[in-house]
Amino acid sequence: MFSSLRSTLLSILIPAAVVTSGISVVISSMELSEQVNAAFDRTLAGALKSMEANVRTISGGLAMEQSYYMMEFMEYTISSQVYFRVATEDGLSEIGFTGMPLPLEPLQNSKPVFYNANYLGEPLRIATVVMESGGRLNTYQDSRIIIQAGENVSDRNDFINKVLLQNLAQDAAVLILFVLLIWLGTLLALRPLRKTSEAVRLRASDNLQPIDETRLPREVRPLVQTINLHMERYALKSREQQQFLDDASHQLKTPLAVLLTQVDYAHSLAKTDEMKEVLDAIQTR
């Protein structure tokens, strides 16, 4: 059981605000991570398109123009170590970083695939696409051309963590402000009750006037109306008791007066001291 209405409200509203904010932080963090990863993946997809446009099959061989310049531009854009590879599917011709991991699922023509893998002991995000050679390569079979671009995900993760920490700090500040507003709102909402309680406490013991309910919250008015009804019943009962006592006192005055007169007269006729003492005792009482 809670000790007060204020503690009850705060014990419900504040945990609810914390849980709601926590859920919001988790959801927003997941969405932010997806958005950042999608933005970085678009950069890798752009690199694949650029590399695909610069692949040449001259005299049956495999070549790519301006590959290193393009990788330097990607590193400047992504701010991370960039890896690239252009190779025939049979592995006979290869340009760039050799042995970059391929995806587990089969590759479809002109459909980029994004996946995480380890290469040279580093975690990479790799984009891979495969294109037809058009029979221009001197290979035993019409081998397709595999194009790969990858980046070290350490900087990407650092960037995501940095943004998440910034959002977390903002959400924490909003949560603190929200909790303060809940606390202040609860105090303001209960202020009329405290004032009414203080006014009733300072009343005289015989003051049975109804409690003023005009400034009280609507939810509390039925309780105050019930208390006023109870005080009205008590006041009516008190008036009835007082009226009974007044009537009884009035009814007893005449017999008492007659009795005292008779005692007075008997006292004048008393001949013994014992009788006088008895009559004196009746008059005293």
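Residues numbered from 1 in each chain as written. Predicted model: local features only at pLDDT ≥ 70, side-chain atom pairs only at ≥ 80, totals over all residues. Heavy atoms only, no water.

### Let's talk about the overall build of the protein
When its secondary structure is counted, the protein shows 5 helices and 7 strands. Its helices and strands taken in sequence order, the protein reads α-β-β-α-β-β-β-β-β-α-α-α from the N to the C terminus. By residue count, 27% of the 285 residues in the protein fall in the buried class. Taken as a whole, the protein presents about 19,600 Å² of accessible surface, with 59% of it coming from carbon and sulfur. (Helix = DSSP H or I, 4+ residues; strand = E, 2+ residues; numbered from the N terminus. Buried < 20%, exposed > 50% of the residue type's maximum accessible area, 1.4 Å probe, protein only. Areas by Shrake-Rupley, 256 points an atom, 1.4 Å probe, with all protein chains shown as cover.)

### Quick look at the packing of helix α1 (residues 5-54) against helix α3 (residues 153-201)
Across the interface, α1 lies against α3 with an axial gap of 9 Å and an inter-helix angle of 160°. By the angle class used here, α1 and α3 are roughly antiparallel. Seen along the crossing, α1 lies across α3 with a hand that is right-handed. For the contact of α1 with α3, the class distribution of residues is 25 nonpolar, 7 polar and 4 charged. (Axes fitted to C-alpha atoms, helices over the stretch in contact; angles between N-to-C directions. Parallel < 35°, antiparallel > 145°, perpendicular 65-115°, else oblique. Left-handed = near helix turned anticlockwise from the far one by under 90°. Nonpolar A, V, L, I, M, F, W, Y, C, P; charged D, E, K, R; others polar.)

### Observations regarding the pattern of salt bridges
Applying the stated criterion across every chain, the model contains 3 salt bridges. Taking the shortest distance from any N to any O, the salt bridge between E94 and R85 comes out at 2.4 Å. Ionic pairing is found between E89 and R144, a salt bridge with its closest N-O pair at 2.8 Å. Here E89, found in the loop between β3 (82-88) and β4 (94-96), pairs with R144, found in the loop between β6 (122-131) and β7 (145-152); they are 55 residues apart in sequence, far enough to count as distant. With a relative accessible area of 42%, E89 lands in the partly exposed category. (Salt bridge = Lys/Arg side-chain N within 4 Å of Asp/Glu carboxyl O.)

### A closer look at the side chain of T186
With respect to the helices and strands, the residue T186 is situated in helix α3. Relative accessible area serves as the criterion here: at 5%, T186 is assigned to the buried category. Leave out the neighbours within four places in its chain, and T186 touches R6, L9, L10 and L13. (Contact = heavy atoms within 4.5 Å.)

### With respect to the packing of aromatic side chains
Under the defined criterion, the tally for this structure stands at 4 aromatic pairs. On the basis of an interplanar angle of 85° and a centroid distance of 5.7 Å, the ring pair of Y83 and Y119 is categorised as edge-to-face. Note that Y83 is positioned in strand β3 and Y119 in strand β5 (residues 113-119), a separation of 36 residues in sequence. Residue Y83 shares its accessibility class with Y119, and that shared class is buried. An aromatic cluster of at least three residues, connected via ring pairs, comprises Y83, F84, F97 and Y119. (Phe/Tyr/Trp six-rings, centres within 6.5 Å; stacked < 30°, edge-to-face > 60°.)

### Some thoughts on the pairing of β6
The element β6 is largely enclosed, with a buried count of 8 among its 10 residues. Looking at chain direction, β5 and β6 are connected through 7 bridges and run antiparallel. Its bridge partner being in β6, N116 is matched across the sheet by R125. Here β5 folds back onto β6 in antiparallel fashion, the turn holding 2 residues, of which L120 has a positive phi close to 55°. Pairing of β6 with β7, which is carried by 8 bridges, proceeds in the antiparallel orientation. Across the sheet, V129 pairs through a bridge with I147, a residue of β7. (Pairing = 2+ DSSP bridges.)

### Quick look at unusual backbone geometry
Comment: phi is negative for the bulk of residues other than glycine, and the bulk of peptide bonds are trans. The backbone of S110 sits at a positive phi, close to 60°, despite the residue not being glycine. Mapping S110 onto the fold places it in the loop between β4 and β5. With phi around 55°, L120 is a residue other than glycine that occupies positive phi space. Among the structural elements, L120 can be located in the loop between β5 and β6. According to the relative accessible area criterion, L120 is exposed, its value standing at 62%.

### Here's the deal with the pairing of β7
In terms of burial, β7 is a largely internal element, 8 of the 8 residues being buried. Side chains I145, I147, A149 and E151 of β7 all project onto a buried face; the interleaved residues I146, Q148, G150 and N152 project onto the opposite face, where all are buried too.

### A short note on the confidence of the model for the protein
Mean pLDDT over the protein stands at 79; residues scoring 70 or higher make up 81%. Mean pLDDT values over the elements of the protein span from 58, in helix α2 (residues 67-78), up to 91, in β5. (pLDDT = per-residue confidence, 0-100.)

### A word on the side chain of Q148
Looking at the secondary structure, you find Q148 in strand β7. In terms of polar contacts, Q148 uses its side chain to reach the backbone carbonyl oxygen of P101, at 2.8 Å. A distance of 3.2 Å separates a polar atom in the side chain of Q148 from a polar atom in the side chain of Y115. In this structure Q148 touches L48, M51, Y83, F84, R85, M100, P101, L102, Y115, I126, A127 and T128, once residues within four positions along its chain are discounted. (Polar contact = N/O pair within 3.5 Å; in protein donor to acceptor, adjacent residues only side chain to side chain.)

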